[in-house]
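Coordinates in review
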Amino acid sequence: MLNLSQNGCSVWVASSTELARTPTAIALGKFDGVHIGHQKVIQPVLQSARGEDGRGTGEKIPEGAPIHPSQSSTLPSSSGHIYSTVVTFDPHPQEFFTGQPRALLTPLDEKVQQLRSLGVEQLVLLPFDKELSALSPQDFVAKILVQQLQCQKISVGQDFCFGKKRMGTAQDLQILAAQYNIPVTIVPLQTDTGDLLKNSSCSNTEPIEDGRISTSLIRQTLEAGDIQRANRLLGRPYTLTGVVIPGQQLGRTIGFPTANLQLPKDKFLPLQGVYAVRVIILNETPENLPIQNLGVMNIGNRPTVNGTHSSVEVHLLDWSGDLYGKNLVVQLVKFLRPEQKFPALEALKTQIQLDCTVAREILSTQC
Ligand SMILES: Nc1ncnc2c1ncn2[C@@H]1O[C@H](COP(=O)(O)OP(=O)(O)OP(=O)(O)O)[C@@H](O)[C@H]1O
Ligand SMILES: Cc1cc2nc3c(=O)[nH]c(=O)nc-3n(C[C@H](O)[C@H](O)[C@H](O)CO)c2cc1C
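Residues numbered from 1 in each chain as written. Chains lettered and ligands numbered in written order. Predicted model: local features only at pLDDT ≥ 70, side-chain atom pairs only at ≥ 80, totals over all residues. Heavy atoms only, no water.

Named according to an unreviewed UniProt entry, the protein is Bifunctional riboflavin kinase/FMN adenylyltransferase originating from Anabaena cylindrica. According to its UniProt record, the protein has this under Sequence similarities (unreviewed entry): "Belongs to the RibF family." Taken verbatim from the UniProt record of the protein, the Function (unreviewed entry) comment is "Catalyzes the phosphorylation of riboflavin to FMN followed by the adenylation of FMN to FAD." (UniProt positions renumbered as here; feature names shortened; annotations may be inferred.)

So this is what it looks like as C-alpha cells:
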C-alpha cells in the first residue's frame, strides 16, 4: 500500500482489499477523469464518512495521522469511523480485455490528487484479472464489498455494470446489497446542459447528442480541441502534469525558451497544436502558495525544426529562470491553432509572438 500525503492530507491507495482500511462507504466505478458526473457519485460516500447520514460516528481521523502499513489489513476501525473509499479497477477493464494500453484522462497520481481534493480518504485498486472478471455479481458483492471491504454504504452511477460479462446492473447491486442491509445510492446521469441548449437552437438536421457527461465524451471533446467544453464537463481545467526535462536548447535561440514536459506515459493528449495555458510551478515547500503563470504550449512534432517525435513544451509569458527538474501543472484554457511547418525559423518566431499576444488576451478574460 502506498500512502500519498501532501499538506497533512492523505489518500490511502490500497492495491488489494486486504490492505484497505475498513469499514468503508464505497463509490464504485472507473472514474477516469473524475468529471462532474463522477463527483456526484462520490458525494454520498463523503457524507457518510462525515456521519451525516446516521451511519458511522463521523469521528474524524486526524489529518495525516501516521498509519503503519502493517496495521492496515482490513482492521475494523475501533473509532466507528467509516472510510470514504473509491473502489476502482486496475488496469482499466478495457485494457485487460483488449490487451491494448489505454491512455487516461487521469493517470493514477492525478486521480489520487483529484480524489484528495474532494475529501476521499482511500482509493482501493482492485486488480482486474481473469479471476475478478469472472466473479458473479453475487460473489462480487459478498466477497469483495461485504467480506473484504466491510462496506456500509455504496454509491454508483445509473449506468454502472459489474460482475462476469457486466451482467449486474445498478438495480441488481441495490437488490443484492439490500440482503446485507447496505443502502445503494444510484446517481442519475449528469448531462451537459450548456451544449444541450446550444444544440436545441441548431438546425434540426444535426444529430442531437444526448449530452451525457462521460469519459468518452471528454476524450472526443479534447481530441477536437474544444477545451472550454472539456473543462466544463470536468468541472475544472484539463491539466498536463510533468517534470521539465532538457531538450536541444533551441528555444532560447529564437527568444522563446520552452520547458519540455515529461508526462506519465499513459496520459491522454488532446489535439496537436498550440494552446493558451496557465502554468503552476509546484513548490518544493508546500507552505508557499503555488504561483500561477500565463503561457503558450505546443503539442506536436515541431516540423519546422525537423523534430522526430511528439513533444509537449510550454513557454511562460513574462518569466525567466531555470525550470529543469521542476514539476509543472499546465492547465489548458483554449486551443489556438494547429501546428504548422514554417519555411524558416524567423517565420516561426513571428508566429509564436502572435500566439503570445492572442494568449495574453484570452487569458486576461477567461478562467
Ligand atoms: N519563459 C520561459 N518559459 C519556459 N522555460 C523557460 C523560460 N525562461 C527560461 N526557461 C528555461 O529554459 C529552458 C528551455 O530552454 P530551451 O528551450 O532553449 O532549451 P531546451 O530545454 O533544450 O528545449 P528545446 O529543445 O525545446 O529547445 C526551460 O526548461 C527553463 O529551464
Ligand atoms: C507557442 C508555440 C508554438 C509553436 N508552434 C510551432 C509550429 O507551428 N510549428 C513548429 O514546427 N514548431 C512549433 N513550436 C515548437 C518550436 O519548434 C520549438 O519550441 C523550438 O523550435 C524549440 O524546440 C511552437 C512552440 C511554441 C512554444
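Along its length, the protein carries 10 helices and 15 strands. Total accessible area on the protein is roughly 18200 Å²; 53% of this is exposed by carbon and sulfur atoms. (Helix = DSSP H or I, 4+ residues; strand = E, 2+ residues; numbered from the N terminus. Areas by Shrake-Rupley, 256 points an atom, 1.4 Å probe, with all protein chains shown as cover.)

Let's shift gears to the site of ligand 1. In the vicinity of ligand 1 there are 21 residues, among which Q248, Q249, L250, R252 and L323 approach most closely. Interatomic distance of 3.3 Å between a side-chain N/O atom of E313 and an oxygen atom of ligand 1. Look at ligand 1: alone it shows 620 Å² of surface, and the protein chains cover 95% of it. Broken down by secondary-structure element, the contributors of at least two residues to the shell around ligand 1 are β11 (259-262) and β14 (311-316). No other element matches the four residues that β14 contributes to the shell around ligand 1. (Near = heavy atom within 4 Å. Polar contact = N/O pair within 3.5 Å; in protein donor to acceptor, adjacent residues only side chain to side chain.)

For helix α5 (residues 137-148), the full list of buried residues reads P137, F140, V141, I144 and L145. Burial along α5 is one-sided: seen end-on, the buried residues are contained in an arc of 115 degrees. (Buried < 20%, exposed > 50% of the residue type's maximum accessible area, 1.4 Å probe, protein only. Arc of directions from axis to C-beta.)

This part takes up the site of ligand 2. Around ligand 2, the structure places 18 residues, and the nearest of them are P303, T304, E313, R337 and Q340. Note that a nitrogen atom of ligand 2 is positioned 3.4 Å from one of the side-chain N or O atoms of N298. A distance of 2.9 Å is found between an oxygen atom of ligand 2 and a side-chain nitrogen or oxygen belonging to E313. In isolation ligand 2 offers 540 Å² of accessible surface; the protein chains occlude 98% of this area. Of all the secondary-structure elements, those providing two or more residues to the shell around ligand 2 are β13 (291-300) and α10 (345-365). Top element by residues in the shell around ligand 2 is α10. It accounts for three residues. Per-class residue counts for the shell around ligand 2 are eight nonpolar, five polar and five charged. (Nonpolar A, V, L, I, M, F, W, Y, C, P; charged D, E, K, R; others polar.)

Mapped onto the elements of the fold, L145 is located in helix α5. Between the alpha carbons of L145 and T258 there is a distance of 48 Å; along the sequence they are 113 residues apart. Those residues in contact with L145 that sit more than four places away from it in its chain are I26, L28, F140, Q150, C151, I154 and L173. (Contact = heavy atoms within 4.5 Å.)

Moving on: the confidence of the model for the protein. With 83% of its residues at a pLDDT of 70 or more, the protein has an overall mean of 85. Of all helices and strands in the protein, the one with the weakest mean pLDDT is strand β1 (residues 2-6) (43), whereas β11 scores best (98). Under a pLDDT of 50 for its full length, residues 57-75 has, in the predicted model, 37 contacts with residues more than four places off or in other chains. Scored below 50 in pLDDT, residues 195-208 shows eight contacts in the model against residues more than four places distant or in partner chains. (pLDDT = per-residue confidence, 0-100.)

For the structure on display, the rule yields seven aromatic pairs. An aromatic cluster of three or more residues is present, and its members are F89, F96, F97 and F128. (Phe/Tyr/Trp six-rings, centres within 6.5 Å; stacked < 30°, edge-to-face > 60°.)

Here we come to the nonpolar core. Formed by 30 residues in total, the largest nonpolar core has its most connected members in L240, M297, L328 and V330. When residues of this core are traced back to their parent elements, those giving at least two are α8 (215-223), α9 (227-234), β10 (239-245), β11, β12 (273-281), β13, β14 and β15 (327-337). A14, L28, V141 and A177 belong to the second largest nonpolar core, which has 27 residues in total. (Core = buried A, V, L, I, M, F, W, Y, C linked by side-chain atoms within 4.5 Å.)

Along the chain, T22 connects to P23 via a cis peptide bond; the corresponding omega equals -5 degrees. Tracing the chain through its elements places P23 in the loop between β2 (9-14) and β3 (24-28). Here the residue pair D90 and P91 is connected by a cis peptide bond, since its omega of 5 degrees sits within 30 degrees of zero. Following the sequence through the fold, P91 ends up in the loop between β4 (83-90) and α2 (93-98). Phi is positive for N306, close to 55 degrees, though the residue is something other than glycine. Residue classification places N306 among the exposed positions, given a relative accessible area of 59%.

One closed barrel holds the six strands; their spatial order is β10-β11-β14-β13-β12-β15, and the pairing between them is antiparallel. With direction set aside, neighbouring strand axes in the sheet form an average angle of 45 degrees. Sheet contacts for α10: β12, β13, β14 and β15; angle to β15, the most-contacted strand, approximately 100 degrees. (Pairing = 2+ DSSP bridges. Axes fitted to C-alpha atoms, helices over the stretch in contact; angles between N-to-C directions.)

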